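# A structural walkthrough
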Amino acid sequence: MVGHTTMLHVCGFAYGIKGFSLAACASLIGSTVVFLVLRFLFGKRLHAWSSTNDKWQALEAVINAKGLPLIILIRVSSFPPWVYSNTLFASIQAVSAWQFIIATICTFPRFLLYVFIGSRMAALSDGKQRDQMDTQTKIINGCLIAGGIIMSITASWIVYTLMQKQLKGISPEIDELVEEAIEEADEGAPLLDNLSSDSLRDLESSG
């Protein structure tokens, strides 16, 4: 579901830094369930769609050649977004379940940053805690929130740049197709749209 980053902030807002355990476990379990459901229940539809899409075939070829390091880079990157990257990896046969789980675990430091930002927002929004803070402490908390957001954006940009470099290098034609495939995933998960339309047709035919 859309809103994963917001829920990470909520975990920090509600439980403080301790909310990281809940956020990490829920994210790992939830994304793994999505991956397995798409891979095993909708595997034929995913393969039928991706096998006719040159962009996805090019992306699969690059991932198959680069292996786990590239999978981790794509997973850690904010592009494509979390909800769409689950579908992306499920559609690529070169990505195994254990690789997906390892790559997801590698995103935990980013989750910790989101939870931390949520915990600082909670401290500033609580009237009692805020009244007990002196001006310097309030400023520090505000700077920590702003610094965390800047760090998150900077880290995402660095990882995305590294990912783009890793995606290149096989051939200009494949490079272009791979970039277009990533852009498609950024814009709205075409595989999800395809699965939804197929499911609706099945329901209509069965009705």
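Treat the numbers as computed from the prediction; the structure is a model and nothing was measured.

### A few points about the overall build of the protein chain
Helix and strand content of the protein chain: 12 helices and 0 strands. When the helices and strands of the protein chain are read in sequence order from the N terminus, they spell out α-α-α-α-α-α-α-α-α-α-α-α. A total of 207 residues make up the protein chain; the buried ones form 41% of that total. Here the analysis covers contacts within the protein chain between residues at least 6 apart in sequence; of these, 77% occur between residues at least 24 apart. As displayed, the protein chain has an accessible area near 11200 Å², and 66% of this comes from carbon and sulfur atoms.

### Description of the side chain of Arg-39
With respect to the helices, strands and loops of the structure, Arg-39 is situated in helix α2 (residues 19-41). From its side chain, Arg-39 meets the backbone oxygen of Val-95 in a polar contact 2.9 Å long. The residues contacting Arg-39, other than those within four sequence positions of it, are Leu-46, Phe-89, Ala-90, Ile-92, Gln-93 and Val-95.

### A few points about the UniProt feature "transmembrane region" (unreviewed entry) in the protein chain
What UniProt calls "transmembrane region" (unreviewed entry) maps, in this numbering, to residues 20-42, 63-84, 96-118 and 139-160. A helix fraction of 96% and a strand fraction of 0% characterise residues 20-42, whose end C-alpha atoms lie 32 Å from each other. The distance separating the terminal C-alpha atoms of residues 63-84 is 17 Å; by composition the span is 73% helix and 0% strand.

### So, the packing of aromatic side chains
A full pass over the atoms with the stated rule returns 5 aromatic pairs. Where Trp-82 meets Phe-111, the ring centres are 5.3 Å apart and the plane angle is 70°; that geometry is what we call edge-to-face. One end of the pair, Trp-82, is in helix α6 (residues 82-91); the other, Phe-111, is in helix α8 (residues 108-125), with 29 residues separating them in the sequence. Overall, Trp-82 belongs to the buried group, its relative accessible area being 14%.

### Here we look at the nonpolar core
Grouped together as the largest cluster of nonpolar side chains are 18 residues, with contacts concentrated most on Ile-63, Phe-89, Ile-92 and Val-95. Contributions of two or more residues to this core are made by α2, α3 (43-50), α4 (54-66), α5 (68-76), α6 and α7 (97-105). Top contributing element to this core by residue count: α4, with 4 residues. Contacts of Ile-63, omitting those with residues within four sequence positions, involve Leu-70, Ile-71, Ile-74, Ile-92 and Val-95. Membership of the second largest hydrophobic core comes to 9 residues, among which are Ala-23, Trp-82, Phe-108 and Tyr-114.

### Some thoughts on the packing of α5 against α7
It is the contact of α5 with α7, at a shortest axis distance of 9 Å, that shows an interaxial angle of 50°. Taken as axis vectors, α5 and α7 run oblique relative to one another. Crossing of α5 over α7 shows right-handed handedness. Across the interface between the two elements, Leu-68, Ile-71, Ile-72 and Arg-75 from α5 touch Trp-98, Gln-99, Phe-100, Ile-102, Ala-103 and Thr-104 from α7. Its residues assigned to classes, the contact of α5 with α7 comprises 7 nonpolar, 2 polar and 1 charged.

### A word on the environment of Ser-77
Turning to its location among the elements, Ser-77 is positioned in the loop between α5 and α6. You can call Ser-77 buried: its relative accessible area is 2%. Sequence spacing of Ser-77 and Thr-107 is 30 residues, and the spatial spacing of their C-alpha atoms is 8.6 Å.

### Points about the packing of α2 against α6
If you want to describe how two helices pack, look at the angle between their axes and the distance between the axes. Across the interface, α2 lies against α6 with an axial gap of 9 Å and an inter-helix angle of 40°. Considered as vectors, α2 and α6 are oriented oblique to each other. Handedness of the α2/α6 crossing: right-handed. In contact with Ser-27, Ser-31, Val-34, Phe-35, Leu-38 and Arg-39 of α2, α6 contributes Trp-82, Asn-86, Thr-87, Phe-89 and Ala-90. Residue composition of the contact of α2 with α6, grouped by class: 6 nonpolar, 4 polar and 1 charged.

### Concerning the environment of Met-121
Here Met-121 is to be found in helix α8. Measuring from C-alpha to C-alpha, the distance between Met-121 and Gly-142 comes to 8.3 Å, with 21 residues separating the pair along the chain. Met-121 has contacts with Phe-13 and Ile-145, leaving out every residue within four places of it along the chain.

Reading the values: rules and limits
Residues numbered from 1 in each chain as written. Predicted model: local features only at pLDDT ≥ 70, side-chain atom pairs only at ≥ 80, totals over all residues. Heavy atoms only, no water. Helix = DSSP H or I, 4+ residues; strand = E, 2+ residues; numbered from the N terminus. Buried < 20%, exposed > 50% of the residue type's maximum accessible area, 1.4 Å probe, protein only. Contact = heavy atoms within 4.5 Å. Areas by Shrake-Rupley, 256 points an atom, 1.4 Å probe, with all protein chains shown as cover. Polar contact = N/O pair within 3.5 Å; in protein donor to acceptor, adjacent residues only side chain to side chain. UniProt positions renumbered as here; feature names shortened; annotations may be inferred. Phe/Tyr/Trp six-rings, centres within 6.5 Å; stacked < 30°, edge-to-face > 60°. Core = buried A, V, L, I, M, F, W, Y, C linked by side-chain atoms within 4.5 Å. Axes fitted to C-alpha atoms, helices over the stretch in contact; angles between N-to-C directions. Parallel < 35°, antiparallel > 145°, perpendicular 65-115°, else oblique. Left-handed = near helix turned anticlockwise from the far one by under 90°. Nonpolar A, V, L, I, M, F, W, Y, C, P; charged D, E, K, R; others polar.

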